[in-house]
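Results of the structural survey
Listed below, chain by chain, are the residues.
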Amino acid sequence: MTVQELPGAGASHRVTPPPAWRPRTEAAPLLPDPEPHRVLGTPAAEHLDPALMRRYYAELVRGRRYNAQATALTRQGRLAVYPSTVGQEAAEIAAALVLEEQDWLFPSYRDTLAAVARGLDPVEALTLLRGDWHTGYDPREHRIAPLCTPLATQLPHAVGVAHAARLRGDEVVALAMVGDGGTSEGDFHEALNFAAVWQAPVVFLVQNNGFAISVPLAKQTAAPTLAHKAVGYGMPGRLVDGNDVAALHEVLTEAVQRARAGGGPTLIEAVTYRMEAHTNADDATRYRSDSEVEAWKAHDPVELLERELTGRGWLDEAGVQEARDAAEAMAADLRERMNAEPVLNPMDLFAHVYAEQTGRLREQAAMLRAELEAEDDA
């Protein structure tokens, strides 16, 4: 109802202004495709770069072996906890490989493999999960933000870094990773809203692996897909097969290039599956069936790419063995170094908390120092 239609409205009323609900952008171009984007197993695969796909294959094989070795270290008591990404390796590796050196990766606690694929030492990537150090690596050196255990809190940080870089004139893109469970957090809303309003160069990658620990996606959201949430913020939403590394490379590359060119943020939903339990402390059999897991094994990201490459003659048995040997060498090195007892200094608890220690922190440090000296004397 306009002002003129209100009871008693007369000529003294001004013309109704444009309605406040008028959309800022057209919704249709922002909507994701009805089905996840796929490349492997389709005619589009014949146009892939064989060398790039062989590199991805080697990284996938290494990633699968890294997951297996980290899980074994957890069972041996060398890690306190490990959130496996078996079944999600394609999204992890593609997220790292599409970035340039000056870009930033903002991982969640499950994304140690993405950090390793970006060049981080596997031991440094696992140090936090071992409980030895605050982060385990220098975030500025590697352009990898600290692994984030609280859900989705890394997303506003990614927006801040990207927006600040743009204000400085730096061609930096931030790629922020989050699970489907993280999309139910307030930080997710705040990050996407600010990113879209500021047109910050950020790519949000949601790895939808089906469950937020034990809560299935259908009990988290009534949205058609998580990618549809992008429309409400005024950014494009993309839906992609999260086990198809070639499709992921295409969609993520396009989003990163768009952000770098000033086109603003993109929300990407990678539909994948968590083959193993949430962590070693979780019993996944309580909320999902073995038959469901077996069905997803037929869509294994490593096997999908291997089948495509060998079928096209782009990968032979020697290439397969070379990738496996390199993965075993990585696992052996990781195992040897993680089995060494760490030398820890309890006083490191007070390092890197503040640029200048507060009075209270100095008091606590002095108290601990006195206790340690007393133990030495005893």
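It should be noted that the structure appears before, not after, this text.
Residues numbered from 1 in each chain as written. Predicted model: local features only at pLDDT ≥ 70, side-chain atom pairs only at ≥ 80, totals over all residues. Heavy atoms only, no water.

The next thing to look at is the overall build of the protein. When its secondary structure is counted, the protein shows 13 helices and seven strands. Reported as C-alpha extents along the three principal axes, the dimensions of the protein are approximately 95 × 65 × 45 Å. Across the 378 residues of the protein, 47% fall into the buried class. Of the roughly 18900 Å² of accessible surface on the protein, a fraction of 53% belongs to carbon and sulfur atoms. Charged side chains of the protein number 35 positive and 55 negative; the gap between the two group centres comes to 4 Å. (Helix = DSSP H or I, 4+ residues; strand = E, 2+ residues; numbered from the N terminus. Buried < 20%, exposed > 50% of the residue type's maximum accessible area, 1.4 Å probe, protein only. Areas by Shrake-Rupley, 256 points an atom, 1.4 Å probe, with all protein chains shown as cover. Lys, Arg positive; Asp, Glu negative; His and termini not counted. Charge placed at Lys NZ, Arg CZ, Asp CG, Glu CD.)

It is worth spelling out the nonpolar core at this point. Within the largest apolar cluster, 66 residues are counted, with the highest numbers of intra-cluster contacts made by Tyr56, Tyr57, Tyr66, Leu126, Leu175, Leu252 and Leu305. Top contributing element to this core by residue count: helix α9 (residues 245-260), with nine residues. Residues within four places of leucine 175 in sequence aside, it is in contact with Ala95, Val98, Leu99, Trp104, Leu105, Phe106, Val203, Leu205, Leu252 and Val256. By size, the runner-up hydrophobic cluster in this structure holds 27 residues, among which are Phe106, Ala165, Ala174 and Phe204. (Core = buried A, V, L, I, M, F, W, Y, C linked by side-chain atoms within 4.5 Å. Contact = heavy atoms within 4.5 Å.)

Take the packing of aromatic side chains next. For the structure shown, the criterion picks out five aromatic pairs. Between tryptophan 104 and phenylalanine 106, the aromatic rings sit 5.9 Å apart at their centres with planes inclined by 35°, giving tilted as the arrangement. Here tryptophan 104 matches phenylalanine 106 in class, with each residue buried. Lying over the aromatic face of tryptophan 314, arginine 312 brings its terminal NZ or CZ to 5.8 Å of the ring centre. (Phe/Tyr/Trp six-rings, centres within 6.5 Å; stacked < 30°, edge-to-face > 60°. Lys NZ or Arg CZ within 6 Å of the ring centre and 35° of its normal.)

Our focus in this paragraph is the sheet that holds strand β1 (residues 104-106). Backbone hydrogen bonds hold the strands of a sheet together, and the pairing may be parallel or antiparallel. Here we have five strands laid out as an open sheet, ordered β1-β2-β3-β7-β6, and parallel in their pairing. The sheet is open, and its two edges are formed by β1 and β6 (237-241), each paired on a single side. Each strand of the sheet is rotated relative to its neighbour by a mean of 20°, with strand direction disregarded. As paired strands, strand β2 (residues 174-179) and strand β3 (residues 202-208) are joined by six bridges and run parallel to one another. Looking at the pairing, leucine 175 lines up with valine 203 of β3. (Pairing = 2+ DSSP bridges. Axes fitted to C-alpha atoms, helices over the stretch in contact; angles between N-to-C directions.)

The next thing to look at is α9. End to end, α9 covers 22 Å across 16 residues, agreeing with the expected 22 Å (1.5 Å per residue, within 8%). Looking only at α9, the buried set comprises Val245, Ala246, Ala247, Leu248, His249, Val251, Leu252, Ala255, Val256 and Ala259. Between the side-chain oxygen of the N-cap and the backbone nitrogen of alanine 246 there are 3.2 Å, and the N-cap of α9 in question is aspartate 244. Phi turns positive one or two residues past the end of α9, at glycine 262, with a value near 95°. (Expected span 1.5 Å × (residues − 1). Polar contact = N/O pair within 3.5 Å; in protein donor to acceptor, adjacent residues only side chain to side chain.)

Moving on to unusual backbone geometry. Among all residues except glycine, the phi angle is most often negative; among peptide bonds, the trans geometry is most common. For alanine 152, which is not glycine, the phi torsion reads 70° and is therefore positive. For alanine 152, a relative accessible area of 1% gives the class buried. A positive phi angle, close to 55°, is found at glutamine 199, a residue other than glycine.

Judged by side-chain polarity, Phe194, Val197 and Trp198 come together as a nonpolar surface patch covering roughly 300 Å² of accessible area. By the secondary structure assignment, phenylalanine 194 is in helix α7 (residues 186-198). (Patch = residues over 30% accessible without salt bridge, like charges linked within 9 Å, V, L, I, M, F, W, Y side chains within 5 Å. Salt bridge = Lys/Arg side-chain N within 4 Å of Asp/Glu carboxyl O.)

As a further point, take a negative patch on the surface. On the surface, a cluster of negative charge is contributed by Glu371, Glu373, Glu375, Asp376 and Asp377. Inspection of the secondary structure assignment puts glutamate 375 in helix α13 (residues 359-377). Judged by relative accessible area, which is 59%, glutamate 375 ranks as exposed.

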